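Residue strings, one per chain:
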Amino acid sequence: MPRLTLIDAYPTKTSDLQAETEDILQDHVPLDDTPDSHILHKNDHLKFLIRNLSQGFPARYVSQDASQPWLMFWTLQSFSALQIGIDPDTKQRAIDTIMEWQHPDGGFGGGPSQAAHLLPTYASVCCLAIVGRPGPGGGWDQINREKLYNWYMSLKRPDGSFIVSNHGEVDVRGIYCLLAVAHLLDIVTPELIDGTAAFIASCQTYEGGFSSASHPQVIDGVLAAQRPSLGEAHGGYTFCALASWVFLHPYLATDYEALRVNIPQLIRWLVNMQGIESDLGGFRGRTNKLVDGCYSWWVGGAFPLLEALGVSPGVPESVHAKDGASHVNESAENVWDDMDDSLFDRRALQEYILLAGQHPAGGLRDKPPKNPDAYHTSYCLSGLSAAQHRIRPSSTRREELRAAWKGEDGMRATAFSESLCWTEESGGSRVLGSAANRVNATHPLFNLTMTHTEGIMAHFYKQNVPKRTPTATGPGPRSH
């Protein structure tokens, strides 16, 4: 019997629900621990995805009318994760549909004739990265990047943050979506990102994770430079804030002492979001909440981002400094000498997804006995990818991209090389079960395959991406 979550002498609805969830999860643990007991049912999930794409979504999805780009992205990216190609006719239908979402004043809305919004803009551009192509009718050259950039600037606030839409609210998820698209489409400028890193840093809470926004403190009618670390840390906000920080990190001046993210506190919060054995190793998104399959990506996918900041167990501090680990809180130094090669239990996360995340009828879910949906299918598969593959920035790959760069060596070259220097460590994959369980590696910053990321960025930056070479020797992919 696995160790259960400890409770005090005062049971609550929260503790009762936790105990009930643990009982349900334990019912999904196989009696024997063999490769046959851990199977990714790819054909079932493929049927689930095809049904949604060809027949349409069930009636209950009518509430998602303003999320049409997301429904398409979750479906297309799930195909990519499962190593499934898409036929040309389906690609063209998708492109034509996506372009109906582009707003005449820039950006993309949640559906035809809907207001432009940062989140569906990200989903739409990522869909085009998967199915689009250059040329007439291919989608890529029909994106109005000038209007998109001007719209982005109209959303910018004086403190470096962005509202998600005209008359909308500030949200770090929107900032992440903006930065991801700006890097994909080659529209990053100093004016666009001015002050944004400082705002992101201000969103870190006392727990170590990040909340949706920071809370301005006004003293005698003046906005204080320091903001209290209020708000509730959340897995989705934390991923978006951390990814935004990684996007912005290469552009920060080395002497900008005001910028600090407390890395040890962040790691402490992230690792504590992984459930214990009775939770099957799944991730929760907030303190004292239940595990949920979607956080396999929102929290599990955050760990590769830490490596871009120089946090890598077992790597000497001198290597961290060489690879540019500036702007990491000094108290992070020399803390990780006793850690394993991963900051989270990669096997346990795969167990949760394979044993509890898969629905018998196809598709993936939050947890049993819930039904599958497009959102959880996509992020469970992305989380499975993060657990199977170890992808991190490579200084060798960065140098290759810089050497192949054509044009002025400035911010554009930095955006291109930093975005595409992520490389899978040879011999670093860990696949639970048989090799047939392997899913495609996904880019830690964009949640696209490496191939799709390189394809769309090569087009918009007008560069040739040098052929990849293995980063290190090793025993090769391992199955457990």
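Here's what I pulled together on the structure shown here. (Residues numbered from 1 in each chain as written. Predicted model: local features only at pLDDT ≥ 70, side-chain atom pairs only at ≥ 80, totals over all residues. Heavy atoms only, no water.)

**Details of the overall build of the protein**
Here is step 1: The helix and strand inventory of the protein stands at 19 helices and 6 strands.
Here is step 2: Buried residues in the protein amount to 56% of all 480 residues.
Here is step 3: Considering only contacts in the protein between residues 6 or more positions apart, those separated by 24 or more positions represent 75%.
Here is step 4: Summing over all exposed atoms, the protein offers an accessible surface of approximately 20,600 Å²; the carbon and sulfur share of this is 52%. (Helix = DSSP H or I, 4+ residues; strand = E, 2+ residues; numbered from the N terminus. Buried < 20%, exposed > 50% of the residue type's maximum accessible area, 1.4 Å probe, protein only. Contact = heavy atoms within 4.5 Å. Areas by Shrake-Rupley, 256 points an atom, 1.4 Å probe, with all protein chains shown as cover.)

**Describing the state of the cysteines**
Here is step 1: Tallied over the full model, the rule gives 0 disulfides.
Here is step 2: Free of any disulfide, Cys 177 has its nearest cysteine sulfur in Cys 240, 6.1 Å distant. (Disulfide = S-S within 2.5 Å.)

**Details of the side chain of Thr 196**
Here is step 1: Tracing the backbone through its elements, the reader meets Thr 196 in helix α9 (residues 196-202).
Here is step 2: Contact partners of Thr 196, with chain neighbours within four places excluded, come to Lys 156, Gly 160, Phe 162, Ile 175 and Leu 248.

**Quick notes on the packing of helix α10 (residues 235-248) against helix α11 (residues 263-272)**
Here is step 1: Where α10 contacts α11, the axes come no closer than 12 Å and their chain directions differ by 140 degrees. The angle between α10 and α11 falls in the class oblique. Like other packed secondary-structure pairs, α10 and α11 cross with a definite hand, here left-handed. Note on element contacts: α11 touches α10 through Leu 266, Trp 269 and Leu 270, opposite Gly 235, Thr 238 and Leu 242.
Here is step 2: Residues that form the contact of α10 with α11 fall into these classes: 4 nonpolar, 2 polar and no charged. (Axes fitted to C-alpha atoms, helices over the stretch in contact; angles between N-to-C directions. Parallel < 35°, antiparallel > 145°, perpendicular 65-115°, else oblique. Left-handed = near helix turned anticlockwise from the far one by under 90°. Nonpolar A, V, L, I, M, F, W, Y, C, P; charged D, E, K, R; others polar.)

**Let's talk about the packing of aromatic side chains**
Here is step 1: Tallied over the full model, the rule gives 22 aromatic pairs.
Here is step 2: Taken together through their ring pairs, the aromatic side chains of Trp 70, Phe 73, Trp 74, Tyr 122, Tyr 176, Phe 239, Phe 247, Trp 297, Trp 298, Tyr 375, Tyr 379 and Phe 446 make up a single cluster. (Phe/Tyr/Trp six-rings, centres within 6.5 Å; stacked < 30°, edge-to-face > 60°.)

**Focus: the environment of Gln 274**
Here is step 1: Inspection of the secondary structure puts Gln 274 in the loop between α11 and α12 (295-298).
Here is step 2: Take Gln 274: its relative accessible area is 14%, and that puts it in the buried class.
Here is step 3: In sequence terms Gln 274 and Val 299 are 25 residues apart; their C-alpha atoms lie 8.4 Å from each other.
Here is step 4: Ignoring sequence-local partners within four residues, the contact set of Gln 274 consists of Gly 281, Gly 282, Phe 283, Arg 284, Phe 344, Asp 345, Ala 348 and Leu 349.
Here is step 5: Within the structure, the side chain of Gln 274 is placed 3.0 Å from the backbone oxygen of Gly 281, a separation counted as a polar contact.
Here is step 6: One polar contact links the side chain of Gln 274 to the main-chain amide nitrogen of Asp 345, over a distance of 3.0 Å. (Polar contact = N/O pair within 3.5 Å; in protein donor to acceptor, adjacent residues only side chain to side chain.)

**Quick notes on the environment of Pro 58**
Here is step 1: Tracing the backbone shows Pro 58 in the loop between α2 (42-55) and α3 (68-81).
Here is step 2: Here the alpha-carbon distance between Pro 58 and Asp 373, two residues 315 residues apart in the chain, equals 10.0 Å.

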